[in-house]
Structures are given as C-alpha cells and as structure tokens.
Amino acid sequence: MKRIVILGGGESGVGTAILAKKKNFDVFLSDMGLIKDNYKKLLEENGIDYEEGQHTEELILNADEVIKSPGIPKKAALIQKLESKGISIISEIEFASRYTEAKIIAITGSNGKTTTTSLLFHILKQAGLNVGLGGNIGKSFAKSVAEDNYDFYVLEISSFQLDDIKKTFKPYIAILLNITPDHLDQYEYQFDLYAKSKFRITENQDENDYFIYNLDDPKTMDMIDDITIHAHRKPFTMMDASNEAYANNELFRVNDSDGDFTMIVNELGLIGKHNISNSLAAAVAAKVINISNKSLKQSLSDFKSVEHRLEPVLTIRGIDFINDSKATNVNATYFALESMEKPVVWIVGGKDKGNDYNEILPFVKEKVKAIVCLGADNSKLIDFFNPYVSTIIDTNTVIDSVNKSYELATKGDIVLLSPACASFDLFKSYEDRGNQFKDAVRKL
C-alpha cells in the first residue's frame, strides 16, 4: 500500500488526509505545532494516524509521497531531507486534482484573490451551477473532492500552493489578477522568482483552457512573453478601450461571440478602482462559462464586500470605521488608500515582510491626517513617515489603537485599519486582527 505523509494539520492537511484515506492509502499526518481539537476529532473519526508537536523522521522519510502545507517553507530542514531522498513533495491542490473531473477555475494574484474568488463563486451559484468554493478560503479543496460532487470549483490559489504542483493541477480557467512584491522572504528576496511562481497557474493548461490576465499590471506584462502559455488568452484592462474586456470609472464592458455585456460602474456591488478590475476578471470568466447577461448583471450588482477587506464596521459621531485587516502587504493598502474620499486616520503595522512604503507615499501625503501604528515594533514605520505626517502614535494593542484613532478623528473622517503588514507579531491571523478591531470599535 502506497504511504502518503501529510505535513501540517490545518484545513488543507486534514482535508488531504481524509481524501487520501478514502482512496485507500496508508496515511500519516504530522504537525510541528498543536492541532486544533476540531481537526483532531476529524482525524480520529476517519481512523487517520497523526502526531503533533514534533516531526518523527522515521515515520516521514519512509513516505512514497509527501503533501505539505503551503505554510511550510521550502528551506525547512525536513523538506531538504525529503528532497535529498528523492521523495515527491506536492501540494493539496495537485493531489486533489487527481480525483475530480470537475472544471476548475483557479484565481491567483498578490491582491484581490479572495474578493474575486468569492464574487465568481457568487456569480456561478446565482446562475444555478453546481459549484464548490475552496483553496485558501472555505473548505479545503481535497476535503470537498472527498465529500462532494461538484461540476465546477472556484479556488483561491496562493503562490505557495503553486510551488508544489506537478502535472495534474490544470485549471479550465486560470485568472492572474496582478503581481506585486509579497512573501519575498520565501523567494530569496527575488521578485522574479515570486512572479514565476504565480505564472505556474497556467503551466499545465492546453488549448482547450483559458488564461485571464491583467493588461494593466506591469510585472505581468513584463514577464508574459517569457512564459509558455498554451491556453486561450483573455486579457482585461482599464486603460485600453479597444480591448474585449474593458472598464473605466463609468462604463463596464465585456465583448464576446455572444454579444456585448455592458453595465454602469456605479451599479457594481464593489467599490474602488481595484474592485472594478476584479469584477472585470470575474465577468470575463463568467462569459467563458456562458453565464447569461441578465444573471451576470444581477450578481455583479448584489455582491457585497468580503469580510476584513474594506469592510464597513460602524459610523460613530460621523466617523466611519473601516476594517481592511486583510491588507497584509503594501500594495493592498495602496488600493485601500486610493479608494478613500475623506480624510483618513490610518492604523498600520504588524510583521514587516521587507516592505517599501514609497509606493503609498503620495496617497499618505494627500489623504492621511494621522497615523496610528499597531505592532510589536513600529520603529521602521515611524522613521519612514515621520517627515510627512505630523501626528504618529505608537501602540501595541488593538484597544489602544482604536481609542487613539477615535480621539484623533473628527466628524467626516475615516478610521482605516489597513495594516500593510502580516498579523503574526500580535495576532493569530489577519481575521483575528480584524475581529479584535471590530470588537474594539463596537465598545467605543
């Protein structure tokens, strides 16, 4: 019996273990940390051997194949040992792809993945298709393949997941939204390595598949001619009105053989220039699947923003509080500040991943009246913005940051949590950070 070892006992790992067990492999799961009780219960119910708090090498290095969590770095000692023994290491999405005939729509990009994935799932579901949601959001793809029987999957896919695909992960529609510097600490601080990782979403596609990409994204356009792409190319843009998929701040249009799909931008459910672009990508995919214009227009109109992404919390004394905790890199915060139309008290900070704040400096100078830092070490932020913003406050708790922001803001202002940094210095996750922020705002 083929031995499958799974490294990581979170949503992805446990889902993979359940699928592997169902396919009658000898399955062992190992997590260096502690496994949550709900996941332990699932492993036990399915008769899956596991360990936590350690990696026992003699139980791992005898694997025929290893499926690793996207969160385990390639340079980890155990991964190096597995590679030196020639043991195949793959990702959950590669493994699960072997066991489904469903059409996969896979979405990647540095920013906008969750919003676009959720929107496209909403569009397909509203149109009556038998569709599942997975990848980085919702249920793990592998667990869904084990338990459900969908015709389509809409999957949010990270570069880490794409790093460990081989031949099987082959989306019918692949969407690349944008490529901006992120996670460079995992890519030898080389932007090109990270970008190539994103382009792997199309590497197994053939001429029966579709590759949707953003003509306005500089890094995508810089690299696309060096990438072998067999799929039909379907670009979208907010700059070139002659392109089949085009939007500006007023008009939204997708042309295809079925005729034009048009709507007014103000009718879109999502706000902000970046979200017009995300909606355009989703609309191109919807038209590939032949969603009717009437159904598509309805879904684009009634979709609401994703939690922790430019999420309105409350308005108190005329001050709007907005939770954008999912902005874990500078480019995500760029989009948030770009869409602000009132003076901003900006809550920023966390685990810095080698951030360059010059990109957002024009918006900070124009729109930000005060900065409230929220992190274990805010010295880099304070040093960088000190010459440009007269009021900068240093905090290391959510309650303190919210109280200080409330004192600094006046009627007609926005208090924006858009950290531009990872959450792991003070929080379990960006969701934890966003939820604590919302709780603190509600207690004001």
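The rules we used
Residues numbered from 1 in each chain as written. Predicted model: local features only at pLDDT ≥ 70, side-chain atom pairs only at ≥ 80, totals over all residues. Heavy atoms only, no water. Helix = DSSP H or I, 4+ residues; strand = E, 2+ residues; numbered from the N terminus. Rg over C-alpha atoms; globule rule 2.2 N^0.38 Å. Buried < 20%, exposed > 50% of the residue type's maximum accessible area, 1.4 Å probe, protein only. Contact = heavy atoms within 4.5 Å. Areas by Shrake-Rupley, 256 points an atom, 1.4 Å probe, with all protein chains shown as cover. Lys, Arg positive; Asp, Glu negative; His and termini not counted. Charge placed at Lys NZ, Arg CZ, Asp CG, Glu CD. Polar contact = N/O pair within 3.5 Å; in protein donor to acceptor, adjacent residues only side chain to side chain. Phe/Tyr/Trp six-rings, centres within 6.5 Å; stacked < 30°, edge-to-face > 60°. Pairing = 2+ DSSP bridges. Axes fitted to C-alpha atoms, helices over the stretch in contact; angles between N-to-C directions. Parallel < 35°, antiparallel > 145°, perpendicular 65-115°, else oblique. Nonpolar A, V, L, I, M, F, W, Y, C, P; charged D, E, K, R; others polar. Left-handed = near helix turned anticlockwise from the far one by under 90°.

### Digging into the overall build of the protein chain
- Counting its secondary structure elements, the protein chain contains 17 helices and 20 strands.
- At 22 Å, the protein chain has a C-alpha radius of gyration in line with the 22 Å of a compact globule built from 444 residues.
- With the principal axes as the frame, the protein chain shows a C-alpha extent of 65 × 55 × 40 Å.
- In the protein chain, which comprises 444 residues, the share counted as buried stands at 58%.
- Taking all contacts inside the protein chain whose residues are at least 6 apart in sequence as the whole, residues at least 24 apart take part in 65%.
- Entry remark: accessible area of the protein chain is about 18800 Å², with carbon and sulfur atoms responsible for 47%.
- Where the 51 positive side-chain charges of the protein chain centre and where its 64 negative ones centre are 2 Å apart.

### Side note on helix 13 (residues 330-338)
- Of all 9 residues making up helix 13, 7 are buried, and the element is well covered by its neighbours.
- Buried residues of helix 13: Val-330, Asn-331, Ala-332, Thr-333, Phe-335, Ala-336 and Leu-337, and no others.
- For helix 13, the elements touching its buried residues are helix 11 (273-288), strand 17 (344-348), helix 14 (361-367), strand 18 (368-374) and strand 20 (414-417).
- If you check the start of helix 13, you find a side-chain oxygen 3.2 Å away from the backbone N of Asn-331, and it comes from Asn-329.

### Let's talk about the environment of Val-368
- Within the fold, Val-368 resides in strand 18.
- As a C-alpha pair, Val-368 and Ile-414 span 46 residues in sequence and 9.5 Å in three-dimensional space.
- For Val-368, the residues in contact, after removing those within four places along its chain, are Leu-337, Val-344, Trp-346 and Phe-363.

### Some remarks on the environment of Asp-352
- Locating Asp-352 in the fold gives a position in the loop between strand 17 and helix 14.
- Taking relative accessible area as the criterion, Asp-352 reaches 28% and is therefore assigned partly exposed.
- When the C-alpha atoms of Asp-352 and Lys-411 are compared, they prove to be 32 Å apart, with 59 residues separating the residues in sequence.
- Among the polar contacts listed, one links the side chain of Asp-352 to the side chain of Lys-380, at a separation of 3.1 Å.

### Things to note about the side chain of Thr-114
- Note that Thr-114 resides in helix 6 (residues 113-126).
- A polar atom in the side chain of Thr-114 sits 2.7 Å from the side chain of Lys-326.
- Those residues in contact with Thr-114 that sit more than four places away from it in its chain are Ile-137, Glu-156, Val-306 and Lys-326.

### Some points on unusual backbone geometry
- At His-308, a position not held by glycine, the phi torsion is positive, near 70°.
- In this structure, His-308 sits in the loop between helix 12 (293-302) and strand 15 (311-316).
- For Leu-310, which is not glycine, the phi dihedral falls at a positive 45°.
- Tracing the backbone through its elements, the reader meets Leu-310 in the loop between helix 12 and strand 15.

### A look at the packing of aromatic side chains
- By the definition in use, this model includes 16 aromatic pairs.
- When the centroid spacing of 6.1 Å and the interplanar angle of 55° are considered together, the rings of Phe-25 and Phe-95 count as tilted. Taken together, the residues Phe-25 in the loop between helix 1 (11-22) and strand 2 (26-31) and Phe-95 in helix 5 (residues 92-97) connect sequence positions 70 residues apart. The same class applies to Phe-25 as to Phe-95, namely buried.

### Structural notes on the sheet that holds strand 12 (residues 245-247)
- Strand order across the open sheet formed by 3 strands is 12-13-14, with antiparallel pairing between neighbours. Looking at the sheet topology across the chains shown, the edges are occupied by strand 12 and strand 14 (259-264). Neighbouring strand axes in the sheet, compared pairwise and without regard to direction, differ in orientation by 10° on average.
- Bridge count between strand 13 (residues 251-256) and strand 14: 6 bridges; the pairing is antiparallel. Along strand 14, the bridge assignment pairs Val-254 with Phe-261.
- Set on the sheet, helix 11 makes contact with strand 12 and strand 13; between it and strand 13 the angle comes to about 25°.
- The strands touched by helix 12 are strand 13 and strand 14; relative to strand 14, the strand with the most contacts, the crossing angle is about 25°.

### Digging into the sheet that holds strand 8 (residues 152-156)
- On the basis of which strands lie adjacent, the open sheet formed by 6 strands has the order 7-8-6-9-10-11 and parallel pairing. The open sheet is flanked by strand 7 (131-135) and strand 11 (232-236), the only strands paired with a single partner. If you compare each strand with its neighbour and ignore which way they point, the axes differ by 15° on average.
- Relative to strand 11, strand 10 (residues 210-214) is paired through 5 bridges, and the arrangement is parallel. The residue bridging Tyr-210 from the neighbouring strand is His-232, located in strand 11.
- Strand contacts of helix 6: strand 6 (103-108), strand 7, strand 8 and strand 9 (173-176), with the helix running at about 165° to strand 8, the strand carrying the most contacts.

### Some details on the environment of Asp-192
- With respect to the helices, strands and loops of the structure, Asp-192 is situated in helix 9 (residues 191-199).
- Separated by 110 residues in sequence, Asp-192 and Leu-82 place their C-alpha atoms 26 Å apart.

### Quick word on the packing of helix 1 against helix 2 (residues 37-45)
- Between helix 1 and helix 2, the shortest axis-to-axis distance is 10 Å and the interhelical angle comes to 10°. The pairing of helix 1 with helix 2 is recorded here as roughly parallel in orientation. Touching Glu-11, Val-14, Ala-17 and Ile-18 of helix 1 are Tyr-39, Leu-42 and Leu-43, all from helix 2.
- Partitioned by chemical class, the residues of the contact of helix 1 with helix 2 number 6 nonpolar, no polar and 1 charged.

### Examining the packing of helix 11 against helix 12
- Closest axis-to-axis distance for the helix 11/helix 12 pair is 11 Å, and the angle between their directions is 155°. By the angle between their directions, the pair helix 11 and helix 12 is classed as roughly antiparallel. Read as a crossing pair, helix 11 and helix 12 show a hand that is right-handed. Contacts from Ser-279, Ala-283, Ala-286 and Lys-287 of helix 11 reach helix 12 at Asn-293, Leu-296 and Leu-300.

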